[in-house]
Amino acid sequence: MSWMKALYDTYGNLEQAEEKGLLKIGHSTQNAHIEIALDRNGVFQYAYFVSKDQAETIIPVTEESVSRSSGVAPHPLFDKLKYLAGDYEKYCAEDNEKYHQEYMKKLGDWCESEFSDIRIKAIYQYLSENHLISDLIDSGIFSKDEKGLLTKKWENAEKIKLSPGEQKDAFIRFRVEYDDENDALWQDEILQEKYIQYYLSNGGRTGFCYVTGKTGRLCMTHPSKIRHTGDKAKLISSNDKKNFTYRGRFENAEQAYTISYEASQKAHNALKWLINNQGTKIGDKVFVLWGIYNENLPNVLEDTYSMVEDFPYDDEEVEDTERVVAERFNNAIRGYHGEIRTDSHLVLLGLDAATTGRLSVVFVREYNGLEGNELIDSIESWHKTCCWNTFYVNKEKKTIYYEGAPSPINIAKAVYGTDQNGLLKGNDKVIANTVERILPCIIDGKTGTKNVGKKIPRDIVQGAVNRAKFPQNYSSKVLWNQVLSIACALYRKYLYDYKKEEYTMNVMETDELDYNCGRLLAVADAIEIWALREKAEDKKKIRTTTAMRCYTRFCQKPCDTWILINKSLVPYKNQLGGKANYLYNLLGEISSKISNEEFKKKKNLGGLFCLGFDSQRMQIIKDIQAKKSEVK
């Protein structure tokens, strides 16, 4: 588990850099519902509901409390009502004595230690008086029924839409007003350090740590909440003593793996920080790439557009968008290479919850030293071999074209997603599993095992090509164009991986029937669009052309369908006259490359059809834009 050592080392570097949001050891996060303010003497001042955007609270924890699911395991300071309230039974009709007494004992021990704080003593004093719930009722926070018991529903909190369950499940945090000290205790780093010193001074079982290679206090119960505050799954666990988790190989869990408390806390907290700041979440799965020195690394799940920093939002900023994107991408790659050090340790980790309580490492790659350059080379190769004509829409809602690779997430959505209110969406689990299959094609694509690059899966390519053949399945042409672009990128990658053929995004001179059929349909579509635009009052509201209405049928039976499409072009040719000679000549040129006998026999056009159609369509768009520029 060298990635655990990488996380441990990363924590040290993040801590030295004073990165915000990095949890200290002995601390976790919890969403609070109610905040109570006390004065320095422990006298109740006021209470209010915590809004959702302010709810995340840093809390001190113990080994037992950080992953509690049953039993009595109080948090040392902030906790649920069941632990804090001495009058819980009176208002909830449930016995909480063992929970409250254990909490008060733990808090009292901290108060009596050399690492105590006057604000902690104020909380202890207040809770010892046993009127917490009563104060919250009087403050209008809690509501009670005719029997004097807390209602299940949060009647006084409807406007802020709390979601802790019943009122009795509320999580409470405190602030103590005292001189110039930070009264928001969950933000006070001095108090956090006092707790760490107190907790570590309590001793514990010692042993050999497999992460640090040193002897120290062992961690017997490891943290959860790794992917988010509600995450109950843990990376390291050995509590299934009755289900033969380790019996038969070891007599006890410690013989399998031991890790110190400090190492476990630092590794887990570093992983939480990395996921929150640079991880990619897809359903329950999380992927994160990092270096122990916080090197600036590319996100392997991004498309080319996202990888290029400072990409122009307005095409007026640059005359040649494609050239600028390519230059900036090459500069970015050189920059990433410059981040690699001889002592670098890069890790790409994929996590998924096999069950509610178990978090699995489903994907891992590690790169030591200059091996990191191989990763950057593979990412570069992916973006240059799985790319196609694509686009983004600028602030003025104008389509700007460039050449780039799609993101694995968008690939998965194109293959397995459906059009839902104008967006491609799919089952999170299916999307995440597909991304996991594509990842090796990106990071192992250049070298891979034994210098053999990982090839793009055939079924994913075929799935994208099949989806691109049905434009009628999408509510907008923009959405279908996105699917078509992804299908072209994947098929181009397929040809590169399996046949060592390189198809460019420019129109190629070839005798391939499928490719030329695509070009033929693109020209027919362009002729009709030209004619329709000339007559349309609103240029943005033009009906679908015959070529596009017959797109799917043309893929299935190109010869029979072309007779229909070609016949429909006659009135449009008459309307345009000699203005469209360029397109008429193009039709003749393409037709001369197609064998009539093969054309008549051909059924079910493949991926080359998509390449030919989109290449020709983009060439026509570029030619039109070039002519407009000449006029200006």
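All of these numbers come straight from a predicted model, not from anything done at the bench.

S.K.: I'd like to hear about the sheet that holds strand β6 (residues 171-177), residue by residue, with values.
M.R.: Think of a sheet as strands paired side by side through backbone hydrogen bonds, with each pair either parallel or antiparallel. Read from one edge to the other, the open sheet built from 4 strands follows the order β3-β2-β6-β5, with strand pairing classed as mixed. Only two strands of the sheet have a single neighbouring strand rather than two, namely β3 (44-49) and β5 (79-80). Helix α5 (residues 118-128) rests against β2 (34-39), β3 and β6 of the sheet, and its axis sits at about 125 degrees to β6.

S.K.: Which residues make up the sheet that holds strand β11 (residues 345-355), and what values do they have?
M.R.: A sheet is described by the order of its strands in space; here 4 strands give the open sequence β9-β10-β11-β12, paired in antiparallel fashion. For this open sheet the edge positions go to β9 (280-282) and β12 (358-368), each flanked by a neighbour on one side alone. Between one strand axis and the next, the sheet turns by 15 degrees as a mean value, whatever way the strands run. As judged from the 6 bridges shared by strand β10 (residues 285-291) and β11, these two strands associate in the antiparallel manner. Note on β11: the bridge partner recorded for Val288 is Leu349.

S.K.: For unusual backbone geometry, give the residues involved together with the corresponding values.
M.R.: Positive phi, close to 55 degrees, is recorded for Glu18, a residue that is not glycine. For Glu18, the position within the fold is in the loop between α1 (2-16) and β1 (27-31). According to the relative accessible area criterion, Glu18 is exposed, its value standing at 68%. One non-glycine residue, Lys225, lies in the positive phi region at around 55 degrees. For Lys225, a relative accessible area of 13% corresponds to the buried category.

S.K.: I'd like a rundown of helix α4 (residues 97-112), residues and numbers included.
M.R.: For α4, with 16 residues, the first-to-last C-alpha span of 22 Å sits near the 22 Å given by 1.5 Å per residue. Along α4, the positions that sit buried rather than exposed are Tyr99, His100, Tyr103, Met104, Leu107, Gly108, Trp110 and Cys111. Down the axis of α4, the buried side of the element spans an arc of 155 degrees, and every buried residue falls inside it. Exposed and facing more than 90 degrees away from the buried side of α4 are Glu97, Lys98 and Glu112. Those residues of α4 hidden inside the fold are in contact with α2 (81-84), α5 and α7 (189-200).

S.K.: Tell me about the nonpolar core, residues and numbers included.
M.R.: The biggest cluster of nonpolar side chains holds 103 residues, and the ones touching the most others in it are Trp382, Leu490, Ile527, Tyr551, Phe609 and Leu611. Those residues in contact with Tyr551, other than ones at most four positions away along the chain, are Ala468, Lys469, Pro471, Trp480, Leu484, Leu521, Phe609 and Phe613. Leu84, Tyr91, Tyr103 and Phe171 belong to the second-largest nonpolar core, a separate cluster that totals 52 residues.

S.K.: Just give me the short version of the packing of aromatic side chains, but keep the residues and values in it.
M.R.: Taken as a whole and judged by the stated rule, the model has 23 aromatic pairs. Arranged with centres 6.3 Å apart and planes meeting at 55 degrees, the rings of Tyr195 and Tyr198 form a pair that is tilted. Here the residue Tyr195 and the residue Tyr198 both occupy positions in helix α7, the gap between them amounting to 3 residues, near one helical turn. Looking at Tyr195, the relative accessible area reads 1%, which means it is buried.

S.K.: Which residues make up the pattern of salt bridges, and what values go with them?
M.R.: Taken as a whole, this structure holds 25 salt bridges when the rule is applied. Measuring nitrogen to oxygen at the nearest pair gives 2.2 Å for the salt bridge that ties Lys285 to Glu436. Here Glu436 lies in helix α13 (residues 428-443) and Lys285 lies in strand β10, a separation of 151 residues in the sequence. One salt-bridge network, in which partners are shared between bridges, spans Glu35, Arg173, Arg175 and Asp183.

S.K.: How would you sum up the side chain of Ser224? Please name residues and give values.
M.R.: Secondary-structure assignment places Ser224 in the loop between β8 (215-217) and α8 (261-278). Residue Ser224 is classed as buried on the basis of its relative accessible area of 6%. Within the structure, Ser224 has its side chain in polar contact with the backbone oxygen of Val66 (distance 3.5 Å). If near-sequence neighbours (up to four positions away) are discounted, Ser224 is found in contact with Val66, Ser67, Asp231, Lys232, Ala233, Lys234 and Lys272.

S.K.: Lay out the packing of helix α16 (residues 513-535) against helix α19 (residues 558-568) with the relevant residues and their values.
M.R.: Axis separation between α16 and α19 bottoms out at 12 Å; the angle between their running directions is 20 degrees. One finds that α16 runs roughly parallel with respect to α19. The crossing of α16 and α19 is left-handed. Residue-level inspection shows Cys517, Leu520, Leu521 and Ala524 of α16 in contact with α19, the latter providing Pro558, Trp562 and Ile565.

S.K.: Account for the environment of Leu611, with residues named and values stated.
M.R.: For Leu611, the position within the fold is in helix α23 (residues 607-631). A relative accessible area of 0% places Leu611 in the buried class. Along the sequence, Leu611 and Met505 sit 106 residues apart, while their C-alpha atoms lie 7.9 Å from each other. Ignoring anything within four residues of it in the chain, the contact list for Leu611 reads Trp388, Cys488, Tyr491, Leu495, Tyr503 and Tyr515.

The rules behind the values
Residues numbered from 1 in each chain as written. Predicted model: local features only at pLDDT ≥ 70, side-chain atom pairs only at ≥ 80, totals over all residues. Heavy atoms only, no water. Pairing = 2+ DSSP bridges. Helix = DSSP H or I, 4+ residues; strand = E, 2+ residues; numbered from the N terminus. Contact = heavy atoms within 4.5 Å. Axes fitted to C-alpha atoms, helices over the stretch in contact; angles between N-to-C directions. Buried < 20%, exposed > 50% of the residue type's maximum accessible area, 1.4 Å probe, protein only. Expected span 1.5 Å × (residues − 1). Arc of directions from axis to C-beta. Core = buried A, V, L, I, M, F, W, Y, C linked by side-chain atoms within 4.5 Å. Phe/Tyr/Trp six-rings, centres within 6.5 Å; stacked < 30°, edge-to-face > 60°. Salt bridge = Lys/Arg side-chain N within 4 Å of Asp/Glu carboxyl O. Polar contact = N/O pair within 3.5 Å; in protein donor to acceptor, adjacent residues only side chain to side chain. Parallel < 35°, antiparallel > 145°, perpendicular 65-115°, else oblique. Left-handed = near helix turned anticlockwise from the far one by under 90°.

Read these as geometric descriptors, not functional statements.
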